[in-house]
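Per-entry structural report
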Amino acid sequence: MLPVRVRFAPSPTGPFHIGGARSALFNWLFARRYGGTFIVRIEDTDLERSSRESEENILAALRWLGLDWDEGVEVGGPCGPYRQTERLDLYQRYTEQLLRQKDAYRCYCTEEELAAEREALLAKGELTTGYLGRCRDLSPEDCARLEAEGRKPAIRFRVPNNDVIVVKDLVRGEVNFECSGIGDFIIVKSDGIPTYNYAVVVDDHTMSISHVIRAEEHLSNTPRQILLFNALGWKPPQFAHVSLILGKDRSKMSKRHGATAIEQYQEKGYLPGALVNFLALLGWSPGGEEEVFSLEQLKQQFSLDRVAKSPAVFDLDKLNWLNGHYIRQAPIEYVTDLAIPFLEKAGYLTTPLTPERYEWLKAVVTLAREYLGCLEDITDHVGIYFNDRVEIQEAEAREVLAESQVPAVLTALRGMVEACPELTGVEAKAMLKKVGKEVGVKGKQIFIPVRAALTGSTHGPDLNQVMAILGRDKVARRLADALANNI
RNA sequence: GGCCCCAUGGUCAAGCGGCCUAAGACACCGCCCUUUCACGGCGGUAACCCGGGUUCGAAUCCCGGUGGGGUCACCA
């Protein structure tokens with residue numbers, strides 16, 4: 001078997017899409033699983049829309065996800081350059097070959113003419129399938145005349161008439177396409193830049209790509225590419241077309257379905273490991289009952305024959321669950337560090353933090369992370385620790401505070417707290433117990449009002465820990481406020 | 001519309017002719033744990049798109065229908 005060489009070949013024309021990330025992941029996993037090479041190539045032949053900025057975004061996102069590449073932009077390699085606009089002379093060489101072989105020809109039709117032609121056919125009720133072939137058999141004299149008019153030719157590939165192209169796909173099996181349904185397509189635009197279908201073939205061959213793993217939207221392009229491979233006398237790589245990621249309404253995932261850019265998930269506080277785990281399970285399954293996998297585990301198990309053929313709906317609920325799981329499992333310092341920017345942005349915090357403050361923050365995050373689907377949500381759960389005054393969150397809290405035993409409970413507790421130099425969780429627990437004895441009430445009658453007085457809510461994390469985090473002074477003051485009916 | 005792909009619970013999915021009175025996960029519901037909420041544990045509701053074949057036997061194979069999706073650019 002040939003050495004495995006796979007590539008991820010994004011076009012840097014916008015934010016890095018979740019679907020692109022999954023393609024990248026599958027390629028990376030495949031390379032790592034079989035000891036192959038993972039290549040990143042930039043397909044920037046759309047001069048209008050491509051930008052260095054979005055190229056850098058994509059590369060940064062790849063690194064953030066933990067997907068490193070062996071060859072490609074920035075790292076170099078033996079098959080470079082890895083940006084298509086830097087390989088123009090290469091394409092030109094093969095264009096000349098195709099022209100010479102008469103597998104390609106110059107087309108002088110303008111975009112306007114083609115659009116008009118298409119419209120005319122549509123008006124007659126005939127749906128078009130590709131180019132009609134006006135310039136297919138131009139004589140050298142015709143070409144000279146057209147060029148004298150100032151027309152710049154594009155170059156089209158001459159699709160043979162009655163052939164059938166068979167795509168042997170590793171996930172879909174054999175897929176047949178009639179050439180009659182294809183129509184001569186442009187391989188070099190009139191500005192001399194190759195089109196996607198052409199550049200991809202030259203690059204995949206010259207980079208010795210063994211497997212092309214990409215989204216299903218490219219399946220119908222594949223026969224064109226195979227035609228090109230054949231005309232150039234090259235052996236096509238193996239193909240594997242992975243089904244698309246769909247939005248809730250079952251159409252291709254797009255902006256209107258919510259966040260589609262990797263960057264957005266990063267900004268909301270999703271952990272790269274969780275995202276990778278989630279994406280891997282979208283369209284691929286290891287078969288067992290386990291759902292949580294590290295990148296390391298994934299790369300040991302991944303295989304194309306367990307890739308599903310049917311499209312998958314992006315389920316945010318499941319992502320949130322998985323991400324929450326990662327947030328709860330990860331080392332507390334890691335999660336704390338990731339949470340800091342969100343807390344800063346919410347105005348709860350200013351950095352740098354003193355070591356004491358950082359330790360305190362870790363305790364806050366420890367309690368808060370139990371509730372999180374993503375880090376962004378942490379700000380909804382920490383107000384009680386940062387705010388100066390307590391705000392009643394629910395009517396029930398107010399009702400609880402109005403109960404008859406409450407003044408005695410709060411007064412007793414307040415006395416104990418004020419007499420205590422440093423309030424720890426252990427001490428808080430002991431105090432609450434003692435309050436019960438002194439006042440002669442127990443259980444809920446103590447805990448719920450104390451919680452309400454301290455946090456404005458009747459539920460929340462472990463009360464002892466909450467008290468320890470608030471500290472002696474804040475607890476004492478809040479108890480006093482509650483006693484004075486001041487909240 | 002032409003061409004192509006796909007079809008198991010609301011969602012992700014296991015299943016690759018008998019082990020299926022169909023796994024697991026998310027979501028949902030109940031119970032337990034707990035001072036409360038969450039986490040966690042236990043349990044529950046819920047699916048083979050339809051119609052024909054093939055076969056002793058079909059969720060699994062074949063054909064047709066229906067439904068969904070993709071693609072038909074001098075975008076990738």
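Residues numbered from 1 in each chain as written. Chains lettered and ligands numbered in written order. Predicted model: local features only at pLDDT ≥ 70, side-chain atom pairs only at ≥ 80, totals over all residues. Heavy atoms only, no water.

The next point concerns the pattern of salt bridges. All told, the structure shown has 29 salt bridges when counted by the stated rule. In this structure, Asp203 engages Arg41 in a salt bridge whose closest nitrogen and oxygen atoms are separated by 3.7 Å. A residue pair is termed long-range when its members are at least 10 positions apart, and Asp203 in helix H6 (residues 196-206) and Arg41 in the loop between strand S2 (37-40) and helix H2 (52-65) qualify at 162 residues. The two residues Asp203 and Arg41 agree in class, both being buried. The residue Asp184 makes a salt bridge to Arg136 at a minimum N-O spacing of 2.7 Å. In this pair, Asp184 is assigned in the loop between strand S7 (173-178) and strand S8 (185-188) and Arg136 in the loop between helix H4 (111-123) and helix H5 (140-148), connecting sequence segments 48 residues apart. Overall, the relative accessible area of 7% leaves Asp184 in the buried class. By relative accessible area, which is 21% here, Arg136 ends up partly exposed. Through salt bridges with shared partners, a single ionic network connects Arg7, Arg41, Glu43, Arg87, Asp203 and Asp204. (Salt bridge = Lys/Arg side-chain N within 4 Å of Asp/Glu carboxyl O. Helix = DSSP H or I, 4+ residues; strand = E, 2+ residues; numbered from the N terminus. Buried < 20%, exposed > 50% of the residue type's maximum accessible area, 1.4 Å probe, protein only.)

Here helix H16 (residues 406-418) is 13 residues long and its end C-alpha atoms lie 18 Å apart, about the 18 Å a rise of 1.5 Å per residue gives. Of the residues making up H16, those classed as buried are Val406, Val409, Leu410, Ala412, Leu413, Met416 and Val417. Taken around the axis of H16, the buried residues stretch over an arc of 165°, which confines them to a single face. Buried-residue contacts for H16 involve helix H15 (395-401), helix H17 (425-439), helix H18 (444-455) and helix H19 (463-483). (Expected span 1.5 Å × (residues − 1). Arc of directions from axis to C-beta. Contact = heavy atoms within 4.5 Å.)

The final tally for this structure, using the stated rule, is 12 aromatic pairs. An angle of 80° between the planes, with centres 4.9 Å apart, marks the rings of Tyr94 and Trp234 as edge-to-face. On the criterion of sequence distance, the pair formed by Tyr94 in helix H3 (residues 88-100) and Trp234 in the loop between helix H7 (222-231) and strand S10 (238-242) is long-range, its members being 140 residues apart. Both residues of the pair, Tyr94 and Trp234, count as buried. Taking the centre distance of 5.3 Å and the plane angle of 90° together, the rings of Trp360 and Phe386 count as edge-to-face. On the criterion of sequence distance, the pair formed by Trp360 in helix H13 (residues 355-368) and Phe386 in helix H14 (residues 383-386) is long-range, its members being 26 residues apart. Taken as a pair, Trp360 and Phe386 share a single burial class, namely buried. (Phe/Tyr/Trp six-rings, centres within 6.5 Å; stacked < 30°, edge-to-face > 60°.)

Annotation of chain A at the domain level lists domain 1 (87-242), domain 2 (336-383) and domain 3 (387-486). The straight-line distance from the C-alpha centre of domain 1 to that of domain 3 is 75 Å. (Domains from an automatic or database assignment.)

In the segment running from Gly80 into Pro81, the intervening peptide bond is cis, with an omega of -5°. Tracing the backbone through its elements, the reader meets Pro81 in the loop between strand S3 (71-72) and H3. Cis rather than trans, the peptide bond between Thr351 and Pro352 has omega equal to 0°. Following the sequence through the fold, Pro352 ends up in the loop between helix H12 (332-345) and H13. Positioned with a positive phi, Glu74 is a non-glycine residue whose angle comes to about 70°. By the element assignment, Glu74 lies in the loop between S3 and H3. Since its relative accessible area comes to 53%, Glu74 is described here as exposed. The backbone of Ser208 sits at a positive phi, close to 55°, despite the residue not being glycine.

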